[in-house]
Amino acid sequence: MAAQWPEVERAEKEKRRELVLQGEDERLRQSDGHLPASLFSLTLLNYLEVSGCSELREVPPDLGRLCHLQSLILCRNKLRSLPRILEQLRSLKVLDVSGNELEELPAELCHLPELCTLNVSCNRLRELPSGLERCTKLAVLNLSRNMISSLPAGLLSPQLSLLASIYASDNLIQELGGEISLLAALKSLDLSNNQLSEIPYELADCTKLKDINFKGNKLKDKRLEKMVNGCQTKSILDYLRVGGRGWSKGKAKTEGAAKEDVKDKKKKKQGKQKNGDEEDEDVEDVNRMMLRILHISENHTALTVTVSASVKDVRQYIVCCVVKGMNLNRGNALKRFLTAQTKLHEDLCDKRTLATIATHDLQLVKGPLLYDARPPNEFKIVPLNRKEINAKDLVRQLQLEAEEQRKQKKRQNVSGLHKLVRFW
């Protein structure tokens, strides 16, 4: 007996643009693992998801009739192949076939001019089809957890000027070519748990690269391997930029360029000596207050911090500690401490874009603590030397104070208060 698919009938009757079918194993068994023919007459669909169906092993060529489809999600099924008719989906932007049993991808996949996101992770692929550079709008490529031994030459091409993220962890990739530098928009690169022995120094030419992961590779350069295991992206890129140890493998500096570097260093040093007297005094004062960590103990009765899932896409890491024995009431100790904290925000924290440092009086902190991300109008804050206030109102108040401060000093440039408000 043929299975009934009321969702498909309803979508046809209501002329829907989206359709989601999940976990339809029972109905697929009744129809011998076949999707209903009526599904492929829904030519108005621009989003189709068929996922979590262990009985779904193939998609018929009729898929090509869905000419307006922009997103096709076929994840967590048992697909063993994709129809070659896929190239008729000329409007397709997102293709997700992760978590299937695919051993190869059709070459016609490379004929999708609008494709932006391709997810083929968690399959049995040994290679990618050549010609991916024809998908010039490709921005995200996920091929993690396969058996791919090498990236196709066309993937590292200047034609893919929008390719920003490549996730290729848990494969068998043995080499990453220097052509990686041709991907001008590359921001994230994950090649962890592969078989790489070297990382090309050309990777440092990817000026937008912010996040790299090469963990789980046995690199010849043990110093570089140590950096990799510590996820020190900036240090890794700086190291590659000079070609590793010495200049022999990297971009050798000319004699003239070396002299220019010496001149620049002298100028910077002179500038620091002229303008940094007061700053040096603050740094010296802070150094006197520095503590040498002799021992760290685990105290199960200490404050606990619960991390909410909502911070994953905002600031997913948090580090906390309790420091005792510091007297901030003496003289200008608190002011000097805050000056040092501000300097860290400007330098190491990259103007608060990478991290933010907060200091609290332990006597006023009540546990357990929750690390969470919420809209500014949903929580209150107690700023230093101020009363409790709604976060949204605080931002508005700081904006007014910053502007008033600028007017009083008749400045055109922004102050530290302006920078803080801009961060908020």
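To keep things clear, this report deals only with the structure shown in the data block. For clarity, every value in this text was computed on a predicted model and none was experimentally measured.

### Digging into the sheet that holds strand β7 (residues 165-167)
Link 1 in the chain: Judged by pairing direction, the sheet is parallel, and its nine strands sit side by side in the order β1-β2-β3-β4-β5-β6-β7-β8-β9 without closing on themselves. Edge strands, defined here as strands with exactly one partner in the open sheet, are β1 (18-22) and β9 (211-213). Averaged over all neighbouring strand pairs, the angle between strand axes comes to 5 degrees, with direction disregarded.
Link 2 in the chain: By the bridge criterion, three bridges tie strand β4 (residues 94-96) to strand β5 (residues 117-119) in an arrangement that is parallel. Of the residues in β5, the one forming a bridge with L95 is L118.

### Things to note about the packing of helix α3 (residues 222-229) against helix α4 (residues 233-241)
Link 1 in the chain: Following both chains from N to C, one finds α3 and α4 inclined at 155 degrees, their axes separated by 9 Å at the closest point. As summarised for this structure, α3 and α4 are arranged roughly antiparallel, according to the angle between their axes. Across the interface between the two elements, R223, L224, M227 and V228 of α3 pack against S235, I236, Y239 and L240 of α4.

### What to know about the pairing of β1
Link 1 in the chain: Alternating positions in β1 separate cleanly, L19 and L21 being buried on one face and E18, V20 and Q22 remaining unburied on the opposite face.
Link 2 in the chain: In the classification by handedness, the crossover that spans β1, the intervening helix α2 (residues 25-30) and the parallel strand β2 (residues 47-51) is right-handed.

### Remarks on the packing of aromatic side chains
Link 1 in the chain: Counted by the stated rule, this structure contains zero aromatic pairs.
Link 2 in the chain: Cation over ring: R27 sits above W5, and NZ or CZ is 4.9 Å from the ring centre.

### Examining the pattern of salt bridges
Link 1 in the chain: For the coordinates displayed, the defined rule picks out 15 salt bridges.
Link 2 in the chain: Put simply, K78 and E101 hold a salt bridge, and the shortest N to O gap is 3.6 Å. In this pair, K78 sits in the loop between β3 (71-73) and β4 while E101 sits in the loop between β4 and β5, placing the two residues 23 residues apart along the sequence.
Link 3 in the chain: What makes K78 partly exposed here is its relative accessible area of 32%.
Link 4 in the chain: In this structure, E114 and K137 form a salt bridge, with 2.8 Å as the shortest nitrogen-oxygen distance. Of this pair, E114 sits in the loop between β4 and β5 while K137 sits in the loop between β5 and β6 (140-142), and the two are 23 residues apart along the sequence.
Link 5 in the chain: Residue classification places E114 among the partly exposed residues on the basis of a relative accessible area of 25%.
Link 6 in the chain: A single salt-bridge network, built from bridges that share partners, covers E26, R29, E55 and R57.

### Looking at unusual backbone geometry
Link 1 in the chain: Here the phi dihedral of K15 falls at roughly 55 degrees; this positive angle occurs in a residue that is not glycine.
Link 2 in the chain: Mapped onto the secondary structure, K15 falls in the loop between α1 (6-13) and β1.
Link 3 in the chain: Judged by its relative accessible area of 58%, K15 falls in the exposed class.
Link 4 in the chain: Positive phi, close to 55 degrees, is recorded for D32, a residue that is not glycine.
Link 5 in the chain: Within the secondary structure, D32 sits in the loop between α2 and β2.

Thresholds, definitions, all that
- Residues numbered from 1 in each chain as written.
- Predicted model: local features only at pLDDT ≥ 70, side-chain atom pairs only at ≥ 80, totals over all residues.
- Heavy atoms only, no water.
- Pairing = 2+ DSSP bridges.
- Helix = DSSP H or I, 4+ residues; strand = E, 2+ residues; numbered from the N terminus.
- Axes fitted to C-alpha atoms, helices over the stretch in contact; angles between N-to-C directions.
- Parallel < 35°, antiparallel > 145°, perpendicular 65-115°, else oblique.
- Contact = heavy atoms within 4.5 Å.
- Buried < 20%, exposed > 50% of the residue type's maximum accessible area, 1.4 Å probe, protein only.
- Right-handed = clockwise from strand over helix to strand, strands pointing away.
- Phe/Tyr/Trp six-rings, centres within 6.5 Å; stacked < 30°, edge-to-face > 60°.
- Lys NZ or Arg CZ within 6 Å of the ring centre and 35° of its normal.
- Salt bridge = Lys/Arg side-chain N within 4 Å of Asp/Glu carboxyl O.

None of the figures reported here should be taken as evidence of function without further support.
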